[in-house]
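Observations on chain architecture
The primary structure of each chain is shown beneath.
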There are 2 protein chains.
Amino acid sequence: MAQVARVDEHLAEIQRAATRIHGHVRRTPLLRSDIAAGLMVKPESLQVTGSFKARGAFNAVLSLVEREPGIAGVVTHSSGNHGQALAYAARAAGLPATIVVPEGVTPAKIAGIRSFGGKVVTDGVTYDNREEIAEAIAISEGLRLIHPYDDWDVIHGAGTSGLEISEDSRPGAVVVPIGGGGQISGIALALAVLSPETSLIGVEPAAADDAARSLRTGILQTLPSDPKTLAEGVKSKSVGLRNFEVIVGDGLVRDIVTVSEDELEDAVRVAWTRLKLAIEPTAALALAAYLNGRVPSGSEEHPTVLILSGGNFDPATVAALLSS
Amino acid sequence: MAQVARVDEHLAEIQRAATRIHGHVRRTPLLRSDIAAGLMVKPESLQVTGSFKARGAFNAVLSLVEREPGIAGVVTHSSGNHGQALAYAARAAGLPATIVVPEGVTPAKIAGIRSFGGKVVTDGVTYDNREEIAEAIAISEGLRLIHPYDDWDVIHGAGTSGLEISEDSRPGAVVVPIGGGGQISGIALALAVLSPETSLIGVEPAAADDAARSLRTGILQTLPSDPKTLAEGVKSKSVGLRNFEVIVGDGLVRDIVTVSEDELEDAVRVAWTRLKLAIEPTAALALAAYLNGRVPSGSEEHPTVLILSGGNFDPATVAALLSS
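Calculation criteria
- Along each chain, residue indices are assigned from 1 in the same order as the chain's sequence is written.
- Whichever chain is written first becomes A and whichever ligand is written first becomes 1, with later ones labelled in order.
- Totals for whole chains, interfaces and linings use every residue, but because this is a predicted model, local features are given only for residues with pLDDT of at least 70 and side-chain atom pairs only at 80 or more, for both listing and counting.
- In this document the domain limits rely on a domain assignment from an automatic tool or a database.
- For the purpose of contact definition, each residue receives a C-beta atom placed from its backbone, and two residues are in contact when these atoms lie within 7 Å.
- Secondary structure elements follow DSSP: runs of H or I no shorter than four residues count as helices, runs of E no shorter than two count as strands, and numbering proceeds from the N terminus.
- Charged means Asp, Glu, Lys or Arg here, nonpolar means Ala, Val, Leu, Ile, Met, Phe, Trp, Tyr, Cys or Pro, and polar covers whatever is left, Gly included.
- Exposure is read from a count of other C-beta atoms within 10 Å of each residue's own; the residue is exposed at 12 or fewer, buried at 20 or more and partly exposed in between. C-beta atoms are placed from the backbone.
- Whether two strands pair depends on DSSP finding at least two bridges between them.
- A set of buried residues drawn from Ala, Val, Leu, Ile, Met, Phe, Trp, Tyr and Cys, joined through C-beta atoms within 7 Å, is what defines a nonpolar core.
- In this analysis, axes come from line fits to C-alpha atoms, helices being fitted only over the stretch in contact, and the angle between any two N-to-C directions falls in the range 0 to 180 degrees.
- Put simply, angles under 35 degrees are roughly parallel, angles over 145 are roughly antiparallel, angles from 65 to 115 are roughly perpendicular, and the rest are oblique.
- Left-handed describes a crossing whose near helix is turned anticlockwise from the far helix through less than a right angle; right-handed describes the clockwise counterpart.
- In this scheme, a helix's expected span is set at 1.5 Å multiplied by one less than its residue total.
- Least squares is used to superpose the copies, and the fit set is the C-alpha atoms of residues whose pLDDT is at least 70 in both copies.
- A residue's pLDDT is the confidence the predictor assigns to it, expressed on a 0 to 100 scale.
- Viewed with both strands pointing away, a crossover whose connecting path from the first strand over the helix to the second turns clockwise is right-handed.

Glancing now at the domain arrangement of chain A. Residue and element names in this part refer to chain A. Taken as a whole, chain A is organised into domain 1 (7–51 + 152–323) and domain 2 (55–145). Taking only C-alpha atoms, the centre of domain 1 and the centre of domain 2 are 23 Å apart. Between domain 1 and domain 2, the residue contacts involve 21 residues of the former and 14 residues of the latter. Mapped onto the side of domain 1 that touches domain 2, the elements with two or more residues apiece are α1 (7–21), α6 (152–158) and α7 (160–168). Here the side of domain 1 that touches domain 2 takes six residues from α6, the largest share from any one element. A breakdown of the residues in the side of domain 1 that touches domain 2 according to their chemical character gives seven nonpolar, 11 polar and three charged.

Below, the structure written as structure tokens:
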């Protein structure tokens, strides 16, 4: 899609995305808990394929089929939730999907992609060359590369959760994990017009604070090396260019806060034992920020809404956290 | 409350209960998952205090305050979800609550009851004499005993989840764990009139199959000894008399099936990893029955609805299950 400059045009695209993906994804509930009256959570862990990524993947695949009905298939570079969601959405649309995965990724992730019908390519793939290899495959096999976050269709799909939030609540704040920035930029574009009084706040692990530094400096910052964090869903070295444009350029994100690894571990335990939701560690980032007073505490009428981004956890990791 | 004989009078009581407890409890969502299109779950784990017991506890306490405004307080014998829910509901109504708990119960459970403002009595209490001791305290201190399941107010409160199911779906079957039978008898009375085409099915651990035998023989059966099961929420030695009347006497439960301990352990893992819900083992009983083909598989239009009764799990137990 050509870049749409104005926020209300983006909103119209998000509304079209919601219609397009309706019936393929779920409307996730907005839940209260016993933690505090001013807190609500939106568990995207309950979304199709177990993460919010299904929204963007379906919008990208279905938009592609509308624009280029003869397209041979799609390709991406993501061993995580986007890879699974794209494989799933492509299969639903009758398209083949190739997922480029670095050698050494856990067999469970590869099995996950294959269970959704995706073709996995690993030979000679590293974290550094995977994007390049995906682009080469796209060209040689006539596939369309669907970037995990730096793609307007993906951003508009992710923004559909923002529409749902604005229909279900009048939040004082919405708190969203940031990796590549796809989810928060979509939600930002949805809420900018529909709920302008809502403060949008991003959360990163302190070990992967590139977006926080980008917002503070106004210049796109990049992590020097692969960050060590339990939040493996937000390890991207920087946000995408389109995401930077929305988050920093358009000024649609109020603040980006960080949490420590200890705070994140505690938040995972709280999510499981008190929210009663089996989320993945990355999805506990917003809860960690909330529990440590880094975001507004909210009120019953204008709650703080935390996006719990996914539920595809490694059982052994979570078992270790629960028994410690 | 005097015993109400006819099913439609019970329904009216359940509807009054819904109005009475509104604002104190939550309307839990009815969720789909990636497991199967014909499956829906109602996670009472997301209910106030982490289990469906809050519905009955609030209805009992608020009904009591309406009928006997000068009552000194409430008492019960339950170290589990009913004890916590009653302590919580009593505090909300400004009444003291005494919870009679056998010596040797885990400190976490006692701490849970105290965190909701309940007074815990343990001296000389065993599993066998706890009901007697609670009755003695009720008489000597002028408190009202709120039985965990053999009480019409508790049953009508539990039935409010049946109202919600009938508003949200047209299920082919609803599957409910059975301990004392409070939850299934409430839901049975709600669905009998509102959704007569729905088959109501109970589930027990094979090691605690008293209700299944009661339904088969038409005579109230009792377990010979304390059953060994991971499903600690359904260890009652028999269903209550009022519960028996509804389940067997009124013929409102189509079938009661049993699951093995291995099947239950597997179901807990599936609940956490595929439903993405952090439920307690007892709450996985209906899922175990579903996964092993003991209840109808359901259709998208007429799904099988599983009641996930609570989320107050022991972290060490679940950690062991997840890492095995």
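The rest of the description comes next.
Let's shift gears to the pairing of strand β1 (residues 39–43) of chain A. Residues and elements named next belong to chain A. Here β1 lies mainly inside the structure; five of its five residues are buried. Judged from the five bridges that link them, β1 and strand β9 (residues 304–308) form a sheet pairing that is parallel. Within β9, the position partnered with Pro43 by the bridge is Leu308.

This part takes up the interface of chain B and chain A. Counting from both sides, the interface comprises 22 residues of chain B and, opposite them, 22 residues of chain A. At the level of elements, α11 (261–275) and α13 (315–322) of chain B are the ones that each hand at least two residues to the side of chain B that touches chain A. Take the side of chain B that touches chain A: its biggest share by element is five residues, from α13(B). Of the residues that constitute the side of chain B that touches chain A, the class distribution is 12 nonpolar, six polar and four charged.

Residue and element names in this part refer to chain B. The four strands are arranged β4-β3-β2-β5 in an open sheet whose pairing can be described as parallel. Two strands bound the open sheet, and with one partner strand each, they are β4 (119–121) and β5 (144–145). Note: strand β2 (residues 74–76) against β5, two bridges, orientation parallel. Residue pairing in the sheet places Val75 in a bridge with Leu145 of β5.

By size, the foremost hydrophobic cluster in this structure holds 210 residues, and its most contacted members are Val175(A), Ala188(A), Ile247(A), Val175(B), Ala188(B) and Ile247(B). Residues contacting Ala188(A), with those up to four places away along its chain left out, are Leu200(A), Val246(A), Ile247(A), Leu252(A) and Val253(A).

All names here are of chain B. An order of β1-β9-β6-β7-β8 is seen for the five strands of this open sheet, with the pairing classed as parallel. The strands lining the two open edges of the sheet, one partner per strand, are β1 (39–43) and β8 (255–259). On average, adjacent strands in this sheet sit at an angle of 25° to one another, irrespective of strand direction.

It is worth spelling out the packing of helix α1 (residues 7–21) of chain B against helix α8 (residues 182–194) of chain B at this point. Residues and elements named next belong to chain B. Contact pair α1 / α8: the axes reach a minimum separation of 9 Å and the direction vectors enclose 110°. On the basis of their axis angle, the class for α1 and α8 is roughly perpendicular. Seen from above, α1 lies across α8 with left-handed handedness. In this structure, α1 uses Val7, Asp8, His10, Leu11 and Ile14 to contact α8, whose residues at the interface are Gly186, Leu189, Ala190, Ala192 and Val193. Of the residues that constitute the contact of α1 with α8, the class distribution is seven nonpolar, two polar and one charged.

With the exception of glycine, most residues fall at negative phi, and the peptide bonds are largely trans. Residue and element names in this part refer to chain A. Positive phi, normally seen in glycine, also occurs at Thr49, with a value near 65°. Positionally, Thr49 belongs in the loop between β1 and α2 (53–67). Since 25 C-beta atoms lie within 10 Å of it, Thr49 is described here as buried. Look at Lys276: it is not a glycine, yet its phi comes out positive at around 65°. Residue placement: Lys276 occurs in the loop between α11 (261–275) and α12 (285–291).

Residue and element names in this part refer to chain B. An ideal rise of 1.5 Å per residue puts 16 Å on 12 residues; helix α3 (residues 81–92) measures up with 17 Å between its terminal C-alpha atoms. Of all 12 residues in α3, 10 are buried, a share of seventy percent or more. Along its buried surface, α3 packs onto α2 (53–67), β2, β3 (97–100) and α4 (107–115). Phi for Gly94, located one or two positions after α3, is positive at around 75°.

Here the focus is the relation of the copies chain B and chain A. Expressed as a screw operation, the relation of chain B to chain A combines 0.0 Å of axial shift with a rotation of 180°, fitting to an RMSD of 0.0 Å. The symmetry that links the two subunits is that of a two-fold axis. Minimal C-alpha distance to the rotation axis in chain B is attained by Ala319(B), lying at 2.1 Å.

Here we take up the confidence of the model for chain A. For chain A, per-residue confidence averages 95 on the pLDDT scale, and residues scoring 70 or more make up 98% of the total. Per the prediction output, this complex has pTM 0.96; the corresponding ipTM is 0.95.

Attention now goes to the environment of Lys53(B). Structurally, Lys53(B) is set in helix α2. For the pair Lys53(B) and Gly310(B), spaced 257 residues apart in sequence, the C-alpha separation works out to 8.5 Å.

Glancing now at the pairing of strand β3 (residues 97–100) of chain A. All names here are of chain A. Both faces of β3 are covered, namely the face carrying Ala97 and Ile99 and the face carrying Thr98 and Val100. Examined bridge by bridge, strand β2 (residues 74–76) and β3 share three bridges and lie parallel to one another. Across the sheet, the residue bridging to Val75 is Thr98, located in β3. In this fold, the crossover linking β2 to β3 by way of helix α3 (residues 81–92) has right-handed handedness. Across three bridges, β3 lies against strand β4 (residues 119–121) in parallel orientation. Bridge pairing in β4 links Ile99 to Val120. Taken together, β3, helix α4 (residues 107–115) and β4 form a β-α-β motif whose crossover is right-handed.

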